[in-house]
Amino acid sequence: MPTEKEIYEKVREILVDALGADESECTMDATLMGDLGAESIDFLDIVFRLEKAFNVKIPRGELFPDNFAAADPNLTKDGSLTAAGIAELRKRLPHADVDKFAKDPKVENIQDLFTVGMIVKFMEAKLAAGT
Amino acid sequence: MRWFWIDRFVEFESGSHAKAVKNVTLAEEHLHDHFPGFPVMPGSLMLEGMAQTGGILLGEKNGFNEIVILAKVPQVTFHSWACPGDTLTYTAKLMDVRPEGGVVECTAHVGERLVAEAEILFNHLDKSKAAGSAALDQKNFVFSMGLLSILDVGTAGDGSAAANS
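Please read all numbers here as calculations on a predicted model, not as lab measurements. Residues take numbers from 1 onward in each chain, read along the sequence in its written order. Chains carry letters from A onward and ligands carry numbers from 1 onward, assigned in written order. Confidence filtering applies because this is a predicted model: local features only for residues at pLDDT of at least 70, side-chain atom pairs given and counted only at 80 or more, and all residues used for totals across whole chains, interfaces and linings.

A.B. asks: Can you tell me about the overall build of chain A, naming the residues and giving the values?
C.D. replies: Along its length, chain A carries 6 helices and 2 strands. Walking chain A from its N terminus toward its C terminus, one meets helices and strands in the order α-α-α-β-β-α-α-α. Between the two quantities, the radius of gyration covers C-alpha atoms and the globule rule is 2.2 Å times the number of residues to the power 0.38. By the compact-globule yardstick of 14 Å for 131 residues, chain A fits well, its C-alpha radius of gyration being 15 Å. Taking the principal axes of its C-alpha atoms as reference, chain A extends roughly 40 × 30 × 25 Å. Counting the 131 residues in chain A, one finds 28% classified as buried. We call two residues in contact if the C-beta atoms placed from their backbones are at most 7 Å apart. Within chain A, contacts between residues separated by at least 24 positions form 58% of all contacts whose residues are at least 6 apart in sequence. We count a stretch as a helix when DSSP gives it H or I for four or more residues in a row; a strand needs E for two or more, and each element gets its number in order from the N terminus. Burial in this document is a count-based property: other C-beta atoms within 10 Å of a residue's C-beta are tallied, and the residue is buried at 20 or more, exposed at 12 or fewer, or partly exposed in between, with C-beta positions derived from the backbone.

Structure below.
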């Protein structure tokens, strides 16, 4: 079972490959879309590379949920997530910093949840579970 | 202009790899501008040929039931030229197939000489969002114009000769 540092280094290498980012930009707090310039197509590339590097399977929507807000009208209201929405987000993304997001739960801020750290935590949990 | 940047498949192993050829000819209009006095196959069109080879390989794996579109080229390197009279051979290897799309690794050779190599990421288009004709056009692209011969050289996933459809 690799250490957090080892996982972080592998994830960072993947993001450098997939996004053309600088190693130094890929801090744990760096957001994929805001700081590293990722686009939705890059998410698929990242998932593919993570699967290859860590020899795991990452089913669709497990790391990056699709169309979260669009799926259920009870989850959002006037461009922000409702309490039900935030709860659902916690359920779907246990590896993300939802508390930080909950302070300003606008739908457009969901993308700020996708940080380098989120991917590292996700891989840690996945490798520990052995799935 | 008909957007065929491969001429024929010469090898096709369903779900695994495929080889297609493209003959570079002086009859291609753009060569006279690319470049004047020094006609060479544009890299972008070699990339398109590799994408067509890989995209059809991916599409066939799902029986052409998904609309395959070129989404991202994470890496591509051009090593040497392809000139009029050359036959380019594109070799595509299927690296990953999933519901969302797939990844192929491709090379382009003229004989033994490596001309280009690329990693190409494809997406499956959400059929509910796509206009109805897009899926049909992909099937037509493959099954018209003698590209149909992929089925003659092909082997299905279980090693048997691919059936004509």
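A.B. asks: I'd like to hear about the nonpolar core, residue by residue, with values.
C.D. replies: The nonpolar core criterion groups buried Ala, Val, Leu, Ile, Met, Phe, Trp, Tyr and Cys residues into a set whenever they are joined through C-beta atoms within 7 Å. In terms of nonpolar packing, the biggest core is built from 63 residues, with A:V11, B:M46 and B:M50 touching the most fellow members. Two domains each provide a minimum of three residues to this core, namely domain 1 (1–64 + 114–131) and domain 2 (65–112) of chain A. In contact with B:M46, not counting residues within four places along its chain, are B:M41, B:A82, B:L88, B:A108, B:V115 and B:A116. Domain extents, as shown, originate in an automatic or database domain assignment.

A.B. asks: Describe the domain arrangement of chain A, listing the residues and the values that go with them.
C.D. replies: All names here are of chain A. As assigned here, chain A comprises domain 1 (1–64 + 114–131) and domain 2 (65–112). On a C-alpha basis, the centroid separation for the pair domain 1 and domain 2 is 20 Å. Between domain 1 and domain 2, the residue contacts involve 10 residues of the former and 6 residues of the latter. Split into classes, the residues belonging to the side of domain 1 that touches domain 2 amount to 6 nonpolar, 3 polar and 1 charged. Under this grouping Gly is polar, as are all residues other than the nonpolar Ala, Val, Leu, Ile, Met, Phe, Trp, Tyr, Cys and Pro and the charged Asp, Glu, Lys and Arg.

A.B. asks: An account of the pairing of strand β2 (residues 17–23) of chain B is needed here, citing residue identities and associated values.
C.D. replies: All names here are of chain B. Pairing between strands is defined by DSSP: at least two bridges between them are needed. The pairing of strand β1 (residues 8–13) with β2 spans 5 bridges and is classified as antiparallel. Within the sheet, the bridge partner assigned to F9 lies in β2 and is A20. Hairpin connection of β1 to β2: 3 residues between the antiparallel strands, including G15 at a positive phi of 80 degrees. Judged from the 7 bridges that link them, β2 and strand β4 (residues 87–98) form a sheet pairing that is antiparallel. Looking across to β4, one finds that N23 is bridged to T87.

A.B. asks: Any chance you could break down the packing of helix α1 (residues 4–19) of chain A against helix α6 (residues 116–129) of chain A for me, citing the residues and the numbers?
C.D. replies: The description of two helices packed together rests on the angle between their axes and the distance between the axes. Residue and element names in this part refer to chain A. Lines fitted to the C-alpha atoms define the axes, with helices restricted to the stretch that makes contact. Angles between their N-to-C directions range from 0 to 180 degrees. Axis separation between α1 and α6 bottoms out at 9 Å; the angle between their running directions is 125 degrees. Relative to α6, the element α1 lies oblique. Between α1 and α6 the crossing geometry is right-handed. Between α1, through E4, I7, Y8, V11, R12 and L15, and α6, the contact on the second element is made entirely by V116, I119, V120, M123 and E124. In what follows, roughly perpendicular refers to angles from 65 to 115 degrees, roughly parallel to angles under 35, roughly antiparallel to angles over 145, and oblique to any angle outside these ranges. Should the near helix be turned anticlockwise from the far one by less than a right angle, the crossing is termed left-handed; should it be turned clockwise, right-handed.

A.B. asks: Lay out the interface of chain A and chain B in plain terms, naming residues and giving numbers.
C.D. replies: Listed per partner, the contact involves 7 residues of chain A and 10 residues of chain B. Within the residue set of the side of chain A that touches chain B, elements represented by two or more residues are α1 and α2 (40–54) of chain A. Here the element with the most residues in the side of chain A that touches chain B is α2(A); it accounts for 4 residues. In terms of residue class, the side of chain A that touches chain B is made up of 4 nonpolar, no polar and 3 charged.

A.B. asks: So what's going on with α6(A)? Which residues, and what values?
C.D. replies: Residues and elements named next belong to chain A. Along its 14 residues, α6 runs 20 Å from first to last C-alpha, staying within 8% of the 20 Å computed at 1.5 Å per residue. Listed in full, the buried residues belonging to α6 are V116, M118, I119, V120, F122 and M123. Taken together, the buried residues of α6 touch α1 and α2. Remark: G130 follows α6 within two positions and exhibits a positive phi of approximately 70 degrees. The span one expects for a helix is its residue count, reduced by one, times 1.5 Å.

A.B. asks: An account of the packing of α1(A) against α2(A) is requested, with residue identities and associated values reported.
C.D. replies: Residues and elements named next belong to chain A. Interaxial distance between α1 and α2 falls to 10 Å at its minimum, and their mutual angle equals 140 degrees. Accordingly, the angle class assigned to the pair α1 and α2 is oblique. Remark: the crossing between α1 and α2 carries right-handed chirality. Judged by residue contacts, K10, I14, D17, A18 and L19 of α1 engage D42, D45, I46, R49, L50 and A53 from α2. Residue composition of the contact of α1 with α2, by class: 6 nonpolar, no polar and 5 charged.

A.B. asks: Give me the lowdown on unusual backbone geometry, citing residues and values where you can.
C.D. replies: For the bond from B:H34 to B:F35, the omega torsion is 0 degrees, close enough to zero to count as cis. Examined against the element boundaries, B:F35 turns out to sit in the loop between β2 and α1 (43–61). Phi at A:N55 takes a positive value of approximately 55 degrees, unusual for a residue other than glycine. Mapped onto the fold, A:N55 is located in the loop between α2 and α3 (68–71). Since 8 C-beta atoms lie within 10 Å of it, A:N55 is described here as exposed.

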